[in-house]
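# A look at the structure
Given next are the chains, with one letter for each unit.
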Amino acid sequence: MKTFTTVETLRKELEKLHNSEAKLAFVPTMGALHQGHISLIEAALGKTSHVTASIFVNPTQFNNQEDLAKYPRTLREDSEMLEKAGCQYLFAPSVEEIYPYGTNEKVNIDLKGMDLVMEGKFRPGHFEGMLQVVKRLLDIVRPDYLIMGQKDYQQFSLVNQMITQLNLPIELIVAPTMRENDGLALSSRNRRLTEDMRNNSNIIFRALQHAKTRVKIENIANLERSCKSMIEDQGLKPEYFEIVDAIELSQVRKYNEDRKIVACAAAWAGEVRLIDNLLLN
Ligand code: AMP
């Protein structure tokens, strides 16, 4: 695996690929890698042998400075995992390299309110920063395939909107969420959980599963409330538990077999904020 820290050197390397018939896949990450990230590399390798991963803890998508400061940084271990997984290129730039002219320039598209619900409501500015860095990285890497995880449901939905609206020649591939044996979604933040919270935090997945088994027969607003209570009763602090349209992310109040819906949840497990989601039909 070749590692690059500057845009210029990465571009030079990828130029050879861009000038050939070869297809390039791209897996953006913030590092502190786990098997969930590696599953994205594997999905990328299912498409092409040319895979670039990036590790960049993007300051503009953190609305909480403490969260940014505490975000785990484990570049050496990450590199080893990527190399072992068969990743060909790693891009690990500095903040100055990604934002040489500052961070004011944003992606200007109409997100139809999809950025204001759920994560958008509780993390103001998060998606603006996320789209800003994804667009910047896509401009640098110019991949044919972009691989993202279903774990961050609203994130890939918004990236999908951006790709569609800006007509970017990129195929977005969504990979399923990797979980611990007890159902807890793998996350870089899990390593910060206390033992107690680690034991209790699979309640998020259990509440999502509960929603899946009950959604056809229960009033949806009541179901959201009872799922939130389940999480609360286990000692976590839920921020939201919402059942929404799987494409538009708008609230769903009545079950309809023909409409794809997804349950999305966020909760604090002590000092650690966890998110997860499950398609319900
Ligand atoms: P992050 O490093 O948290 O920004 O995540 C980088 C990519 O990995 C995103 O596309 C995430 O959706 C994806 N990802 C994170 N956790 C998981 C997981 N448990 N399973 C699958 N993909 C994941």
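These lines cover the structure that appears in this document, whether it is placed above or below.

Rules of the game
- Sequence positions are assigned chain by chain, starting from 1 and proceeding in written order.
- Under the rules for a predicted model, residues below a pLDDT of 70 receive no local features and side-chain atom pairs below 80 are neither given nor counted, while totals for whole chains, interfaces and linings still include all residues.
- Side-chain numbers come from the whole structure's heavy atoms, not from hydrogens or water.
- Here's how the labels work: a residue is buried when its accessible area is under 20% of the maximum for its type, exposed when over 50%, partly exposed in between, all with a 1.4 Å probe on protein chains only.
- Helix and strand definitions follow DSSP, with helices as H or I runs of at least four residues and strands as E runs of at least two, each counted in order from the N terminus.
- By definition, two strands form a pair when at least two bridges between them are found by DSSP.
- For crossovers, right-handed means that the path from the first strand over the helix to the second runs clockwise, given strands pointing away from the viewer.
- For helices, the fitted line uses only the C-alpha atoms of the stretch in contact; every axis is such a line through C-alpha atoms, and the angle between N-to-C directions lies from 0 to 180 degrees.
- A contact between two residues is defined here by any heavy atoms of the two lying within 4.5 Å.
- Any Lys or Arg side-chain nitrogen located within 4 Å of an Asp or Glu carboxyl oxygen qualifies as a salt bridge.
- Proximity is defined per residue: any heavy atom of the residue falling within 4 Å of a molecule or strand makes that residue near it.
- Polar contacts here mean pairs of N or O atoms no more than 3.5 Å apart (in protein, one a potential hydrogen donor and the other a potential acceptor; neighbouring residues in sequence count only if both atoms are side-chain atoms).
- Only the protein chains shown count as cover for residues, and all accessible areas are computed by the Shrake-Rupley method using a 1.4 Å probe.
- Multiplying one less than the number of residues by 1.5 Å gives the expected span of a helix.
- By definition in this entry, angles of less than 35 degrees are roughly parallel, angles greater than 145 are roughly antiparallel, angles of 65 to 115 are roughly perpendicular, and the rest are oblique.
- Throughout this entry, Asp, Glu, Lys and Arg are counted as charged residues, while Ala, Val, Leu, Ile, Met, Phe, Trp, Tyr, Cys and Pro are counted as nonpolar. The remaining residues, Gly among them, count as polar.

### Examining the pairing of strand β2 (residues 24-29)
- Where burial is concerned, most of β2 is hidden: six out of the six residues are buried.
- Residues Leu24, Phe26 and Pro28 point to one face of β2 and Ala25, Val27 and Thr29 to the other, with burial holding for every one of them.
- By the bridge criterion, six bridges tie β2 to strand β3 (residues 50-55) in an arrangement that is parallel. Its bridge partner being in β3, Phe26 is matched across the sheet by Thr52.
- For the handedness criterion, the β-α-β arrangement of β2, helix α2 (residues 35-45) and β3 is classed as right-handed.
- Across two bridges, the pairing between β2 and strand β5 (residues 145-149) is parallel.

### Some words on the sheet that holds strand β1 (residues 2-4)
- Across the sheet, which stays open at both edges, the six strands sit in the order β1-β4-β3-β2-β5-β6 with parallel pairing between neighbours. The open sheet is flanked by β1 and β6 (171-175), the only strands paired with a single partner. The sheet shows a mean angle of 25 degrees between the axes of neighbouring strands, taken without regard to direction.
- Against the sheet, helix α4 (residues 75-85) makes contact with β3 and β4 (89-91), and its axis sits at roughly 165 degrees relative to β3, the strand it touches most.
- Together, β5 and β6 form the strand contacts of helix α8 (residues 153-165), whose direction differs from that of β5 by roughly 155 degrees.

### Regarding the pattern of salt bridges
- Applying the stated rule across the entire model yields 15 salt bridges.
- Glu171 is the salt-bridge partner of Lys47, the closest N and O atoms lying 3.7 Å from each other. In this pair, Lys47 is assigned in the loop between α2 and β3 and Glu171 in strand β6, connecting sequence segments 124 residues apart.
- Residue Lys47 is classed as partly exposed on the basis of its relative accessible area of 41%.
- Residue Glu242 pairs with Lys121 through a salt bridge whose shortest N-O separation is 4.0 Å. Here Glu242, found in strand β7 (residues 237-245), pairs with Lys121, found in helix α6 (residues 119-122); they are 121 residues apart in sequence, far enough to count as distant.
- Of the residues examined, Lys121 reaches a relative accessible area of 52% and is grouped as exposed.
- When salt bridges with common partners are traced through the structure, they connect Lys2, Glu13 and Lys16 into a single cluster.

### A closer look at the site of the ligand
- Near the ligand you find 17 residues, and of these Met30, His37, Asp152, Met178 and Leu186 are the closest.
- Note that an oxygen atom of the ligand is positioned 2.6 Å from one of the side-chain N or O atoms of Asp152.
- A distance of 2.8 Å separates a nitrogen atom of the ligand from a polar backbone atom of Met178.
- When the ligand sits alone it has 490 Å² of accessible area, and the protein chains cover 93% of it.
- When contributions to the shell around the ligand are tallied by element, the ones reaching two or more residues are β2, α2 and β5.

### Some remarks on the environment of Leu75
- When you line up the elements, Leu75 lands in helix α4.
- On a C-alpha basis, the gap between Leu75 and Thr194 in space is 23 Å, while along the polypeptide they are 119 residues apart.
- Not counting the four nearest positions on each side in its chain, Leu75 is found in contact with Ile55, Leu90 and Ala92.

### What to know about helix α10 (residues 203-214)
- Here α10 contains 12 residues, and its C-alpha end-to-end distance of 16 Å stays within 8% of the 16 Å for a straight helix at 1.5 Å per residue.
- Looking at the packing, one finds that the buried side of α10 touches α9 (195-200), α11 (220-233), β7, β8 (261-269) and β9 (272-279).

### A closer look at the environment of His126
- Here His126 lies in helix α7 (residues 126-141).
- Residue classification places His126 among the buried positions, given a relative accessible area of 5%.
- When the C-alpha atoms of His126 and Gln155 are compared, they prove to be 9.7 Å apart, with 29 residues separating the residues in sequence.

### Concerning the packing of helix α1 (residues 7-18) against α7
- Where α1 meets α7, the axes come as close as 9 Å, and the angle between the chain directions of the two elements is 55 degrees. The pairing of α1 with α7 is recorded here as oblique in orientation. Where α1 abuts α7, its residues Val7, Leu10, Arg11, Leu14 and His18 lie against Asp139, Ile140 and Val141.
- Classifying every residue of the contact of α1 with α7 by side-chain character gives five nonpolar, one polar and two charged.

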